[in-house]
Amino acid sequence: MMGLTKKDFTLLIIVAILCVFAPFILNPFPEGSAMAQFNAGYPDLMQRLVIFGIFAIGFNILFGLTGYLSFGHAAFLGVGSYAAIWMMKLLTMNVIPAIIISVLVAGLFSLLVGWISLRRSGIYFSILTLAFAQMSYSLAYSVLTPITGGETGLQPKVNDPRILDGVLAAGETPRANLFGLQMNQSYEMAVGNWVFTFNAGYYLAAIVMLIAFYISIRIFRSPFGMMLRAVKSNQQRLNYTGLNAKPYTLAAFVISGMYAGLAGGLLVAMDTQVGAERMFWTASGEVVLMTILGGAGTLIGPVLGAGFIKYMENIVSKINKSILEQWFAFMPDGIEDLLITLVYPFIGKGWHLTLGILFMLVVIFLPGGLVEGGQRIGRLFKRKKPADDKPDGKTTPAE
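Residues numbered from 1 in each chain as written. Predicted model: local features only at pLDDT ≥ 70, side-chain atom pairs only at ≥ 80, totals over all residues. Heavy atoms only, no water.

(A) Layout of the packing of aromatic side chains. Using the criterion set out here, one finds 16 aromatic pairs in the structure. Look at Phe125 and Phe253: their rings are 6.0 Å apart centre to centre, the planes differ by 80°, and that puts the pair in the edge-to-face class. In this pair, Phe125 sits in helix H6 (residues 122–143) while Phe253 sits in helix H10 (residues 246–270), placing the two residues 128 residues apart along the sequence. With 6.0 Å between their ring centres and 50° between their planes, Phe280 and Trp281 make a pair best called tilted. Of the residues examined, Trp281 reaches a relative accessible area of 45% and is grouped as partly exposed. The residue whose ring lies beneath Lys89 is Trp86, and the NZ or CZ to ring-centre distance is 5.7 Å. Positioned above the aromatic ring of Trp115, the side-chain terminus of Arg119 is 4.2 Å from the ring centre. (Phe/Tyr/Trp six-rings, centres within 6.5 Å; stacked < 30°, edge-to-face > 60°. Helix = DSSP H or I, 4+ residues; strand = E, 2+ residues; numbered from the N terminus. Buried < 20%, exposed > 50% of the residue type's maximum accessible area, 1.4 Å probe, protein only. Lys NZ or Arg CZ within 6 Å of the ring centre and 35° of its normal.)

(B) How the structure looks around unusual backbone geometry. Backbone geometry at Arg162 places phi at a positive 40°, although glycine is not the residue there. Within the fold, Arg162 resides in the loop between helix H7 (145–148) and strand S1 (177–178). Even without being a glycine, Phe179 presents a positive backbone phi close to 50°. Counting through the fold element by element, Phe179 comes out in the loop between S1 and strand S2 (181–182). Classification of Phe179 by relative accessible area gives exposed; the value is 68%.

Laid out in C-alpha cells, this is it:
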C-alpha cells in the first residue's frame, strides 16, 4: 500500500498514531502532582520534537546510508530559516510559501557545499562541512548583518511590505498562519486533573514530518537507496565496477540539506524569530547525536533520538534543587541531603553530563542505538514455539 511493504506501512501507521495522540502520550501525569514535571505535552516542545525529527531523518539519509559524516548541517537549517523569515517579511505570513522557499534555498546551498566537500571523503569531508557551517555562522553573525540581523536576529515587523497580505489593524502584530489559522492557536481539554493541549502549529509540523518520513522510507527501499548503501559498504569496489558514486552521494547530500531547510522553515513557522545561533557548530553536533543515539541507518531511529534529546533538553534541564527537595522530603534529613548531592550534578545545568553518559553507554553496548535496544527487549519477550507444534515434527535452523 502506498508503494510500501506491509512492515514499512505498519511502521508509518504507528508513527502517525503517535503523532496524533502525542498530547495524551506526553502528558501522563496529572497537573499539580509531583511527577507533572515530566509532562512534555505542551506546544513548544511537541513542535520541536517533530521538527528536529525531520532534521534527523534528513541527516540519516546522508550519514546512515552513505556513511558520510557531516558536521555542517546546521548551516542548511539556518539558511532555510532565514529564507523563510524573509518570505514572511516580503510576501506573506502564510507559512506555505515560507516552507517551500526554505527547502529550495537550502537545496541550492547544499548543492554548492556538497559539490565542493564531496571532493574529499572521511575526516576531510567532515572538516570541510564544519568549515562551511562556521563560515556561514560568522557571515550571518557579522558580515551579512543587514540581511540576517546579526546578533539580534530577524522577526516580522508591522511595517514590513508583505505584498500579499492585507493591512494590519491598529495594534495588531503579524503572526504566522495557514490560510488564516494561526500557528499559535491551541485548544485545551481538561479531563479530571489532566490538561491536554491541541496546537495547530504542532499538527501542521506533524503532518509534514509524516510526509518526510514516508519519503525517507521510499528512498531507503529504492534502487537509489541501494546504491547509497553500496557507497557506504565499499565505495572503491563500486568504482571498480565502472559506476561513478559521486552523483549519488551529491544527490543524497542535497536531499539531506533540503530536509534541514524544511526543518528550519518549520521552526520559523512555529516561532517567527531567527538568529545566527541556529548555524553554530553545536547544532550540527546535536543532529549527529540524535541520529547515532536513535540508530543510524534505521528508519525510526533518528526520530527517537531527536525526541529523546529534546525531551532531556527541555524537561531534565529544568529540574532544580528545590524540586529534588520536594521529591526527597519524606526521607530523613541526612539521607535527603545525600541523595540531593548525588543527583543534582546530573540534572538542571548538568543535563549534558547525563546525556554524555547515556550516549557512551549506547555506543558501547547498543551500537544500533535505541532501535537495537528495542529489538533486544522484543526478542526477550518473544515466545518461542516448541518443535512439536509443527505438524511434521521437524524443526528448521534459526536464520
